[in-house]
Amino acid sequence: MNSRMWGGRFAQGPDAVMEEINASIDFDRKLFPQDIAASKAQADMLAACGIITADDAEKIRNGLDTILREFEAGSFTFSRALEDVHTHIEARLIELIGSAGGRLHTARSRNDQVATDLRLWVRDAIDAIDTKLLDLQIALAEKGLEHATVVMPGFTHLQTAQPVTFGHHLMAYVEMLGRDRSRFADARRRMNESPLGAAALAGTSFPIDREATAKALGFDRPAANSLDAVSDRDFAVEAMAVASLTAVHLSRFAEEIVIWSSAGFNFVTLSDRFTTGSSIMPQKRNPDAAELVRAKTGRIIGSLNALLIVLKGLPLAYQKDMQEDKEPVFDALETLDLCVTATLGMVRDMEPNKAAMRKAAGEAYATATDLADWLVQSLDMPFREAHEVTGRVVQRAEATHRPLHRVPLEDLQAIEPRITAEVYGVLGVTQSAASRTSQGGTAPVNVRKEARRWLKRLKKEASD
Ligand code: ARG
């Protein structure tokens, strides 16, 4: 006899390679707790609807509790011959409690089961990531507040552009992560519908109560269409798309940490806790954690791509191709979780080298725009003309190897006779950053206000 769940019409067992390509237990065992929870909800509902007896439901519940304990204790036996997590649990249940266990699969299919389990898993993963992103936002805003007045060069094209504050730079990431979190919340809201009861694809003739199982599992409602419920994985795609974008944000930050901690910049220092040494060059301190956050982003995007490609040619409803959804989903969300944790660690660990930042901010004529703005404001010069005059001043500074604020007044006046000594008041980097008080600008007064506004909101969220 064939020992498989679906063995009734099969005379022979599968080929070894069939078993190998078919079995998902090596990775879908991750759904063990979700599968148990969904089975308990199913058993309770079946009993409440009079489809199975209360006595059988009780036996099933106890059996499932035992199985979960075995799993948690590491004593549960897995076998590829049993294919996947659903058949493993059901087989063990029947082994433990006999024929009552065989009633659990009434009015359901592995198709609605797996769709339900995976939604529960993704939902939990989103919740865990969101909590960590909140912590990361708090850490960034706290550091931003602490360093609201620290001046550094702002870059465009990675060329020194204008002085900004380190706090302002960190607060930019608080904004990005805030949007990522709202995208996760949005995806979560959309995915929170229960596939359970869609059965194989068409629903069931048993008088089930889908509202009850949906509620028991924390879903907002049952999914409306049974074909859609078992066949779409858009919820996983969305979560991975948001994960990819979040990872891209973390990766850009990681890239900045790599640049900032290089000897040429020396803007920040990471401690021993977030760096490694070289096996040959004794002086090295490598920012491996940042590099790996940057690299793992590729993996996350790759996973999203993999699932989209799996889905793109599939007719309704369930196709076995969909078993290939799990590894990319698990990997993408677990990898992002790790990247957020590592980034949080680096943010807390990172110390800005204020002197180096300040010095770099004063190099490469970073206050040239301030000079042009002064010409506009004090001499009523049209900006285009002021830009031209400033360009000539920069040329002069370059030719005489001086920073802008050290170009003598007579040199300035040789270019534009109306320039007065007052101009020196705007050529310093501190003054430059402090003057940018327009809404959203880099001035320390703005940064403090923004950091405090965010911290109030984030800390409230953290305590709720
Ligand atoms: N292991 C399968 C999966 O992950 C469960 C669903 C199997 N359904 C089926 N009709 N064979 O997709």
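Small disclaimer: the values here were computed from a predicted structure and weren't measured.

Draft legend 1. Representation of the overall build of the protein. Helix and strand counts for the protein come out as 18 helices and 6 strands. The C-alpha radius of gyration computed for the protein amounts to 31 Å, which surpasses the reference 23 Å derived for 464 residues by more than 25%, pointing to a less compact arrangement than a globule. Taking all 464 residues of the protein together, 48% fall into the buried category. A separation threshold of at least 6 residues defines the contact pool for the protein, and within that pool the share at least 24 residues apart is 76%. Here the protein has roughly 22100 Å² of accessible surface; of this, 52% comes from carbon and sulfur atoms.

Draft legend 2. Layout of the site of the ligand. Contacts to the ligand come from Ser 24, Asp 28, Asp 84, His 86, Arg 110, Asn 111, Val 114, Tyr 318, Gln 323 and Lys 326. A distance of 3.4 Å separates a nitrogen atom of the ligand from a polar side-chain atom of Ser 24. Broken down by element, the shell around the ligand gets its largest block of residues, 3 residues, from helix H6 (residues 110–146). Its residues assigned to classes, the shell around the ligand shows 2 nonpolar, 4 polar and 4 charged.

Draft legend 3. Region of the structure containing a nonpolar patch on the surface. On the surface, Met 5, Trp 6, Phe 10 and Ile 94 cluster together into a nonpolar patch covering about 340 Å² of accessible area. Assignment of secondary structure puts Ile 94 in helix H5 (residues 85–97).

Draft legend 4. How the structure looks around the nonpolar core. By size, the foremost hydrophobic cluster in this structure holds 91 residues, and its most contacted members are Val 122, Leu 140, Phe 166, Phe 253, Leu 333 and Leu 336. Sorting elements by how many residues they give to this core places helix H10 (residues 234–260) first, with 14 residues.

Draft legend 5. Region of the structure containing the pattern of salt bridges. Counted by the stated rule, this structure contains 37 salt bridges. Here Glu 95 makes a salt bridge to Arg 92, at a shortest N to O gap of 2.5 Å. Within this pair, Glu 95 and its partner Arg 92 are both found in helix H5, separated by 3 residues, close to a single helical turn. On the accessibility criterion, Glu 95 (59% relative accessible area) is exposed. Arg 181 is the salt-bridge partner of Glu 461, the closest N and O atoms lying 2.5 Å from each other. Taken as a pair, Glu 461 in helix H18 (residues 444–463) and Arg 181 in helix H7 (residues 166–191) lie far apart in primary sequence, 280 residues in all.

Draft legend 6. Local environment of the pairing of strand S1 (residues 151–156). Two strands pair when backbone bridges link them, and S1 and strand S2 (residues 159–165) are joined in this way by 6 bridges, in the antiparallel orientation. Each bridged residue has a counterpart across the sheet, and for Pro 153 the counterpart in S2 is Pro 163. Joining the antiparallel neighbours S1 and S2 is a turn of 2 residues, in which His 157 adopts a positive phi near 55 degrees.

Draft legend 7. Representation of the side chain of Asn 22 in the model. By secondary structure assignment, the location of Asn 22 is in helix H1 (residues 16–22). Separated by 2.8 Å, the side chains of Asn 22 and Lys 320 make a polar contact. Ignoring sequence-local partners within four residues, the contact set of Asn 22 consists of Glu 83, Lys 320 and Gln 323.

Draft legend 8. Fine view of helix H15 (residues 383–399). With 17 residues, H15 should reach 24 Å at 1.5 Å per residue; the first-to-last C-alpha distance of 24 Å fits that figure. Within H15, the full set of buried residues consists of Ala 386, Val 389, Thr 390, Val 393, Val 394 and Ala 397. Down the axis of H15, the buried set is contained in an arc of 145 degrees. They therefore lie on one face. Exposed side of H15, more than 90 degrees from the buried face: Arg 384, Gln 395 and Ala 399 are the residues found there.

Draft legend 9. Examining the packing of H7 against H10 more closely. H10 packs onto H7 with a crossing angle of 170 degrees between their chain directions and a minimal axis gap of 8 Å. Put simply, H7 runs roughly antiparallel to H10. Of the residues belonging to the contact of H7 with H10, the class tally is 16 nonpolar, 3 polar and 6 charged.

Draft legend 10. How the structure looks around unusual backbone geometry. Cis geometry marks the peptide bond from Leu 316 to Ala 317, where omega comes out at 0 degrees. With respect to the element layout, Ala 317 can be found in the loop between helix H11 (288–311) and helix H12 (326–349). Despite not being glycine, Ala 107 has its phi angle at roughly 65 degrees, a positive value. Tracing the sequence through the fold places Ala 107 in the loop between H5 and H6. Of note, His 157 is a non-glycine position whose phi angle comes to about 55 degrees, a positive value. Residue position: His 157 is located in the loop between S1 and S2. His 157 sits in the exposed class, given a relative accessible area of 74%.

Draft legend 11. Focus on the packing of aromatic side chains. Counting across every chain of the model gives 11 aromatic pairs. Considering the side-chain rings of Phe 32 and Phe 76, the 5.0 Å spacing of their centres and the 75 degrees angle between planes classify their relative orientation as edge-to-face. Of this pair, Phe 32 sits in helix H3 (residues 32–48) while Phe 76 sits in the loop between helix H4 (54–73) and H5; the two residues are 44 residues apart in sequence, bridging distant segments of the chain. By the burial criterion, Phe 32 is buried, and Phe 76 matches it. Each ring, one from Phe 32 and one from Phe 78, has its centre 6.2 Å from the other, and the planes form 80 degrees; the classification is edge-to-face. Of this pair, Phe 32 sits in helix H3 while Phe 78 sits in the loop between H4 and H5, and the two are 46 residues apart along the sequence. Since its relative accessible area comes to 24%, Phe 78 is described here as partly exposed. Among the aromatic side chains, those forming a connected cluster through ring pairs are Phe 32, Phe 71, Phe 76 and Phe 78.

What counts and what doesn't
- Residues numbered from 1 in each chain as written.
- Predicted model: local features only at pLDDT ≥ 70, side-chain atom pairs only at ≥ 80, totals over all residues.
- Heavy atoms only, no water.
- Helix = DSSP H or I, 4+ residues; strand = E, 2+ residues; numbered from the N terminus.
- Rg over C-alpha atoms; globule rule 2.2 N^0.38 Å.
- Buried < 20%, exposed > 50% of the residue type's maximum accessible area, 1.4 Å probe, protein only.
- Contact = heavy atoms within 4.5 Å.
- Areas by Shrake-Rupley, 256 points an atom, 1.4 Å probe, with all protein chains shown as cover.
- Near = heavy atom within 4 Å.
- Polar contact = N/O pair within 3.5 Å; in protein donor to acceptor, adjacent residues only side chain to side chain.
- Nonpolar A, V, L, I, M, F, W, Y, C, P; charged D, E, K, R; others polar.
- Patch = residues over 30% accessible without salt bridge, like charges linked within 9 Å, V, L, I, M, F, W, Y side chains within 5 Å.
- Salt bridge = Lys/Arg side-chain N within 4 Å of Asp/Glu carboxyl O.
- Core = buried A, V, L, I, M, F, W, Y, C linked by side-chain atoms within 4.5 Å.
- Pairing = 2+ DSSP bridges.
- Expected span 1.5 Å × (residues − 1).
- Arc of directions from axis to C-beta.
- Axes fitted to C-alpha atoms, helices over the stretch in contact; angles between N-to-C directions.
- Parallel < 35°, antiparallel > 145°, perpendicular 65-115°, else oblique.
- Phe/Tyr/Trp six-rings, centres within 6.5 Å; stacked < 30°, edge-to-face > 60°.

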